Amino acid sequence: MNRNTLGGLDVSAQGLGCMGMSEYYGATDWDTSIDTIRHAIDSGVTLFDTADQYGAGHNEVLLGRGIAGRRDDVQIATKFGIDRSSGDDMRIYRGDPPYVRRSCDASLLRLGIDHIDLYYLHRPPQNAEIEETVGAMAELVTAGKVRYLGLSEVTADLLRRAHGVHPIAAVQSEYSLWTRDVEQLAPVMAELGVGLVPYAPLGRGFLTGAVQTETLDANDFRARNPRFIGEAGERNQAIAATVRTVADRLGVLPAQVALAWVYAQAPRLNVTVVPIPGTRHAARLDQNVASLSIDLDADAVAQLQPLSDMVMGGRYTDHGVR
């Protein structure tokens, strides 16, 4: 496994997003997920991503069990700030200092570790200024509870303001062939030395061509996602079909093409890129890791680059997942 650096934090070139092991993508299985986490470590994956809101804490407990006995082999990233305690329709994005401190202590307890390697603010706070929130996060670094700080889904202005309080190691944002908004932030990230951690680099599975909306579990949020259903879902099939065409010509899988495209953007954006594709299954993890060795030729790039202009539908419903 190749290595990469996020603002000074040494990590594997590909991480593992653990959200779907607890929530949002239908039925879950504890034992299968634990096996996949351990298989990932054995395969050289060291960056594991979770958040306190995934499964109302379940995901952090799960990850903690998965890395038990292997703490020195991994880097743990978790997030705070999305308060769902009053229900999803009443969720708020919090950043008040007491909440920051309580959230960190609770995550450490659930994970069963004494420090968090990369601690993200999950969304810009609605009840505090970014300087106040990052200041409280910086105190966690001083206390030895956190090593590096990150932000998720922020603007250039917020990134600059946050970085002025304490260095930001990484920004986590959705980034894939069909979601490229974060590219607008890349010049500031490059200037400040901030790495990019793309989540949903496979378009929440859509780019693999394997997701059939009509057969999704009732608890799978994609069954209500604007890009997956109705006219938009039908129109967007042309995007998945193009990815498959490229994959068939190269003799690889569509998921591997989608991931290879994400990796190939690092030189163009001038930022370190460490995607965190999520999966519950060891076999798919192996397929994702294999994408690190795939080089896209000029014809593939020419076919893939325009796909984001074809997308129909928003990223989320009114109450987004992440």
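All of these numbers come straight from a predicted model, not from anything done at the bench. (Residues numbered from 1 in each chain as written. Predicted model: local features only at pLDDT ≥ 70, side-chain atom pairs only at ≥ 80, totals over all residues. Heavy atoms only, no water.)

What is the right way to read the packing of helix α3 (residues 97–111) against helix α4 (residues 130–142) from this model?
Relative placement of two packed helices is described by the angle separating their axes and the distance separating the axes. Close contact between α3 and α4 brings their axes to 9 Å; oriented N to C, the two are set at 40°. Crossing of α3 against α4: the hand is right-handed. Contacts from P97, V100, R101 and C104 of α3 reach α4 at E132, T133, A136, M137, E139 and L140. Residue composition of the contact of α3 with α4, by class: six nonpolar, one polar and three charged. (Axes fitted to C-alpha atoms, helices over the stretch in contact; angles between N-to-C directions. Helix = DSSP H or I, 4+ residues; strand = E, 2+ residues; numbered from the N terminus. Left-handed = near helix turned anticlockwise from the far one by under 90°. Contact = heavy atoms within 4.5 Å. Nonpolar A, V, L, I, M, F, W, Y, C, P; charged D, E, K, R; others polar.)

Sorry if this is basic, but what is going on with the side chain of T279 here?
By the element assignment, T279 lies in the loop between α9 (266–269) and α10 (282–290). A residue is classified by how much of its surface remains accessible, and T279, at 9% relative accessible area, is buried. Within the local environment of T279, its side chain forms a polar contact with the backbone nitrogen of H281, the two atoms lying 3.1 Å apart. Excluding residues within four positions of it along the chain, T279 makes contact with L16, G17, M21, T36, R284, L285 and N288. (Buried < 20%, exposed > 50% of the residue type's maximum accessible area, 1.4 Å probe, protein only. Polar contact = N/O pair within 3.5 Å; in protein donor to acceptor, adjacent residues only side chain to side chain.)

I tried to follow helix α8 (residues 254–264) on my own but got confused; where do I start?
Side chains of residues three or four places apart in an α-helix project in the same direction, reflecting 3.6 residues per turn. Burial within α8 is extensive, with 10 of its 11 residues counted as buried. Along α8, the residues classified as buried are P254, A255, Q256, V257, A258, L259, A260, W261, V262 and Y263.

For this particular structure, what's the right way to read the pairing of strand β10 (residues 170–174)?
Residues in a regular strand project their side chains so that they alternate between the two faces of the sheet. In terms of residue burial, β10 counts as a mostly covered element, since five of its five residues are buried. Every second residue of β10 is oriented toward a common face, with A170, Q172 and E174 on one face and V171 and S173 on the other, all of them buried. Bridge count between strand β9 (residues 146–152) and β10: three bridges; the pairing is parallel. Bridge pairing in β10 links L151 to V171. Tracing the backbone out of β9, into helix α5 (residues 156–165) and back to the parallel element β10 gives a crossover that is right-handed. Where β10 meets strand β11 (residues 195–199), five bridges bridge the pair, whose relative direction is parallel. (Pairing = 2+ DSSP bridges. Right-handed = clockwise from strand over helix to strand, strands pointing away.)

I would appreciate a short explanation of the pattern of salt bridges in the present structure.
Side chains that carry opposite charge are capable of pairing whenever their charged atoms lie near each other. All chains considered together, the criterion is met by 21 salt bridges. Among the salt bridges present, the one from D10 reaches R3, with a minimum N-O distance of 2.9 Å. Accessibility expressed as a relative area gives 39% for D10, which makes it partly exposed. Looking at R3, the relative accessible area reads 36%, which means it is partly exposed. R268 is the partner of E183 in a salt bridge, and the nearest nitrogen-oxygen pair spans 2.6 Å. (Salt bridge = Lys/Arg side-chain N within 4 Å of Asp/Glu carboxyl O.)

Could you clarify how one ought to interpret the environment of D49 in this entry?
Topologically, D49 is positioned in strand β4 (residues 47–49). What makes D49 buried here is its relative accessible area of 2%. In the structure, D49 is positioned 227 residues away from I276 in sequence and 7.3 Å away in space, judged by C-alpha atoms. Among the polar contacts made by the side chain of D49, one reaches the side chain of Q172 at a distance of 2.9 Å.

I'm lost on the environment of V188 in this one. Help?
Mapped onto the elements of the fold, V188 is located in helix α6 (residues 186–192). In the structure, V188 is positioned 32 residues away from A156 in sequence and 6.5 Å away in space, judged by C-alpha atoms. Among all residues touching V188, those that are not within four sequence positions of it are A156, L159 and R160.

Could you clarify how one ought to interpret the sheet that holds strand β8 (residues 116–121) in this entry?
Sheet strands pair by backbone hydrogen bonding; their relative direction is either parallel or antiparallel. Read from one edge of the open sheet, seven strands run β3-β4-β5-β8-β9-β10-β11, paired in parallel fashion. On the outer flanks of this sheet lie β3 (16–17) and β11, each paired with one strand and no other. Sheet topology note: the β4/strand β5 (residues 75–80) ladder contains three bridges and is parallel. By the bridge assignment for β5, D49 is matched with A77.

Please clarify how empty space enclosed by the protein should be interpreted in this entry.
Empty space among the atoms becomes visible once a probe the size of a water molecule is rolled across them. A complete count under the given rule lists two cavities of 30 Å³ or more for this structure. A volume near 40 Å³ is recorded for the largest cavity. Lining the largest cavity we find E174, W178, R204, N225, R227, F228 and R315. Class assignment of the residues belonging to the lining of the largest cavity gives a composition of two nonpolar, one polar and four charged. (1 Å grid on protein atoms, 1.4 Å probe; cavity = no way out; pocket = protein on both sides within 12 Å on 5 of 7 lines; lining within 4 Å. Points joined across faces, edges and corners; volume = space filled by probe spheres on them.)

Even after reading the chapter, I still don't get the nonpolar core, so can you show me in this structure?
Side chains of a nonpolar character, in soluble globular proteins, are inclined to be buried together. One finds F48, L159 and L304 to be the most contacted residues of the largest nonpolar core, which totals 78 residues. Ignoring anything within four residues of it in the chain, the contact list for L304 reads L177, V243, V246, V257, W261 and L296. Core analysis: the second largest hydrophobic core is formed by 14 residues, L9, L47, Y120 and I276 among them. (Core = buried A, V, L, I, M, F, W, Y, C linked by side-chain atoms within 4.5 Å.)

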